[in-house]
Amino acid sequence: MAYGGATVDSALVAPYTPTVLSLKNQVQDQYVPIYGKRPATAPWKDTDSLFAFWIGINDVGNSWWLETAPTLYDQIFAVYDGLLESIYATGARNFLFLSVPPVNLAPLTLENGDYAIENEGKMIEFGAPTWYTKDPSCLYPVNEYLWLNNLHPTFPIHNATAASVVKTLNAGKTI
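Let me begin by describing the structure that accompanies this report. Quantities reported herein were computed from a predicted structural model and do not represent experimental measurements.

So, the pairing of strand S1 (residues 51–54)
Here S1 shows a clear split, with Phe51 and Phe53 buried on one side and none of Ala52 and Trp54 buried on the other. As paired strands, S1 and strand S2 (residues 95–98) are joined by four bridges and run parallel to one another. Note on S2: the bridge partner recorded for Ala52 is Leu96.

Focus on the side chain of Ser49
You can see Ser49 is positioned in the loop between helix H1 (23–31) and S1. By relative accessible area, Ser49 is classed as buried at 13%. Engagement of the side chain of Ser49 in a polar contact is seen with the backbone oxygen of Lys45, the distance being 2.8 Å. Filtering out sequence-adjacent residues up to four positions away, Ser49 remains in contact with Trp44 and Asn94.

Section: a nonpolar patch on the surface
On the surface, Met1, Ile34 and Tyr35 cluster together to form a nonpolar patch covering roughly 290 Å² of accessible area. Take Ile34: it is sitting in the loop between H1 and S1. Note on Ile34: relative accessible area 42%, which makes it partly exposed.

Some details on the nonpolar core
Of all hydrophobic cores here, the largest spans 16 residues; its most connected members are Val8, Leu23, Phe51, Phe53, Tyr80 and Ile87. Looking at this core, the elements that each hand over two or more residues are H1, S1 and helix H3 (69–89). Broken down by element, this core gets its largest block of residues, six residues, from H3. What Tyr80 contacts, discounting residues up to four positions off in sequence, is Val8, Leu23, Phe53, Ile55 and Phe97.

Notes on unusual backbone geometry
Non-glycine residue Arg38 carries a positive phi angle of around 55°. Within the secondary structure, Arg38 is located in the loop between H1 and S1.

Notes on the packing of aromatic side chains
According to the stated counting rule, one finds eight aromatic pairs in the structure shown. Measuring from ring centre to ring centre gives 6.0 Å for Phe51 and Phe95, while their planes differ by 40°; the resulting arrangement is tilted. You can see Phe51 sitting in strand S1 and its partner Phe95 sitting in strand S2, a full 44 residues away along the chain. Among the aromatic residues, those joined into a cluster by ring pairs are Tyr31, Trp44, Phe51, Phe53, Phe77, Tyr80, Phe95 and Phe97. Across from the ring centre of Trp44, 3.8 Å away, lies the NZ or CZ of Arg38, which sits over that ring.

Structural notes on the side chain of Thr90
For Thr90, the location among the structural elements is in the loop between H3 and S2. At a separation of 2.6 Å, a polar atom in the side chain of Thr90 contacts the side chain of Tyr31. The contact partners of Thr90, leaving out residues within four places of it in the chain, are Tyr31, Gly36, Arg38 and Trp44.

Analysis parameters
- Residues numbered from 1 in each chain as written.
- Predicted model: local features only at pLDDT ≥ 70, side-chain atom pairs only at ≥ 80, totals over all residues.
- Heavy atoms only, no water.
- Buried < 20%, exposed > 50% of the residue type's maximum accessible area, 1.4 Å probe, protein only.
- Helix = DSSP H or I, 4+ residues; strand = E, 2+ residues; numbered from the N terminus.
- Pairing = 2+ DSSP bridges.
- Polar contact = N/O pair within 3.5 Å; in protein donor to acceptor, adjacent residues only side chain to side chain.
- Contact = heavy atoms within 4.5 Å.
- Patch = residues over 30% accessible without salt bridge, like charges linked within 9 Å, V, L, I, M, F, W, Y side chains within 5 Å.
- Areas by Shrake-Rupley, 256 points an atom, 1.4 Å probe, with all protein chains shown as cover.
- Salt bridge = Lys/Arg side-chain N within 4 Å of Asp/Glu carboxyl O.
- Core = buried A, V, L, I, M, F, W, Y, C linked by side-chain atoms within 4.5 Å.
- Phe/Tyr/Trp six-rings, centres within 6.5 Å; stacked < 30°, edge-to-face > 60°.
- Lys NZ or Arg CZ within 6 Å of the ring centre and 35° of its normal.

Functional significance is not addressed by these values, which are geometric in nature.
Put into structure tokens, the structure is as follows:
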């Protein structure tokens with residue numbers, strides 16, 4: 001399950017469009033009542049299933065400038081913790097947590113100067129309409145770039161991240 005543009009809880013930080021399901025919606029409305037019951041159509045075992053989470057960039061990107069951000073992030077993490085407890089209660093035991101990419105190095109943040117760099121972000125402005133879009137003024141298609149737009153990395157970066165995760169898991173490392 002994954003929704004591009006999702007936040008942990010849309011009641012705390014709205015996604016870029018209301019049709020995007022938050023992590024909270026995904027866990028409470030889809031995972032727990034369906035997949036958490038280990039249906040025959042999607043069976044899983046606690047011994048060999050990995051539950052991976054890579055969320056937070058939209059929470060930060062859609063709220064970093066708010067005066068209430070420090071207390072807001074405490075609320076977000078409280079919701080996140082509760083959702084993880086719900087997933088754990090279904091028998092999930094192997095978790096992988098990937099943090100927010102270094103948004104202070106993203107083109108969007110760099111373009112906005114020291115204040116944005118220091119405060120990690122700005123509202124997300126979506127760039128190319130598809131992964132393979134080729135603007136006539138650009139030499140390469142989007143999938144050959146590091147950044148999809150001025151904040152989100154492209155899928156080749158996701159693939160490289162996944163390859164690193166596989167390498168770590170195959171080595172039997174725990175962190």
